[in-house]
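The residues making up each chain are set out below.
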Amino acid sequence: MDATLADGSRLHVVIPDITRRHWAVNIRKFVLRAHSLDELVRLGTMTSACARFLEAAVVAGLNIVVAGATQAGKTTLLIHRQVPRSMLYNPGRVL
């Protein structure tokens, strides 16, 4: 089961027979509070050049693939804080 808690944290629960014996519960808390690319630059999450490139790619309507390891910040960047979507003139889809 996947759910979003009231504070924005993500809950993921897996129960037997999917797991071998025990329940698996994962709660992802989001501590970083960035609401713009400039804030991500200020926090050291990305460089200024990276932010400007991402902004130009979004404005140009290019497809962007964000990939990374578990807890690397993919969801924080794309969905949870919706930083790139705030730059869209015509909001697109985030898959």
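The sections below set out a description of the structure shown in this document. None of these values were measured; they are calculated from a predicted model.

All right, on to the sheet that holds strand 2 (residues 10-14) then. Overall, antiparallel pairing links the three strands, which are arranged 1-2-3 in an open sheet. Pairing within the sheet leaves two strands with one partner each, and these edge strands are strand 1 (2-4) and strand 3 (24-28). Here the strands of the sheet are splayed against their neighbours by 15° on average, with no regard to which way each runs. As judged from the three bridges shared by strand 1 and strand 2, these two strands associate in the antiparallel manner. Bridging from a neighbouring strand, T4 pairs with R10 of strand 2.

Here we come to unusual backbone geometry. Residue P16 is joined to D17 through a cis peptide bond whose omega torsion reads 15°. Tracing the backbone through its elements, the reader meets D17 in the loop between strand 2 and strand 3.

Counting residues in hydrophobic clusters, the biggest one holds seven residues: A34, L37, L40, M46, A51, L54 and V58. Put simply, the parts of the chain that give this core at least two residues each are helix 1 (37-42) and helix 2 (48-59). Ignoring anything within four residues of it in the chain, the contact list for A51 reads L37, V41 and M46.

So, about a nonpolar patch on the surface. A contiguous nonpolar patch, built from L5, I15, W23, V25 and I27 and spanning about 500 Å² of accessible area, is present on the exposed surface. Mapped onto the elements of the fold, I27 is located in strand 3.

The subject of this paragraph is the pattern of salt bridges. For the structure shown, the criterion picks out two salt bridges. Between R52 and D38 there is a salt bridge, with the nearest N and O atoms lying 3.4 Å from each other. Here D38 lies in helix 1 and R52 lies in helix 2, a separation of 14 residues in the sequence. Judged by relative accessible area, which is 44%, D38 ranks as partly exposed. Note that R52 is salt-bridged to E55, the shortest N-O span being 3.2 Å. Placement of the pair is R52 and E55 together in helix 2, with a separation of three residues, close to one helical turn. In this structure R52 comes out as partly exposed when scored by relative accessible area, which is 35%. In this structure E55 comes out as partly exposed when scored by relative accessible area, which is 29%.

About the criteria used
Residues numbered from 1 in each chain as written. Predicted model: local features only at pLDDT ≥ 70, side-chain atom pairs only at ≥ 80, totals over all residues. Heavy atoms only, no water. Pairing = 2+ DSSP bridges. Helix = DSSP H or I, 4+ residues; strand = E, 2+ residues; numbered from the N terminus. Axes fitted to C-alpha atoms, helices over the stretch in contact; angles between N-to-C directions. Core = buried A, V, L, I, M, F, W, Y, C linked by side-chain atoms within 4.5 Å. Buried < 20%, exposed > 50% of the residue type's maximum accessible area, 1.4 Å probe, protein only. Contact = heavy atoms within 4.5 Å. Patch = residues over 30% accessible without salt bridge, like charges linked within 9 Å, V, L, I, M, F, W, Y side chains within 5 Å. Areas by Shrake-Rupley, 256 points an atom, 1.4 Å probe, with all protein chains shown as cover. Salt bridge = Lys/Arg side-chain N within 4 Å of Asp/Glu carboxyl O.

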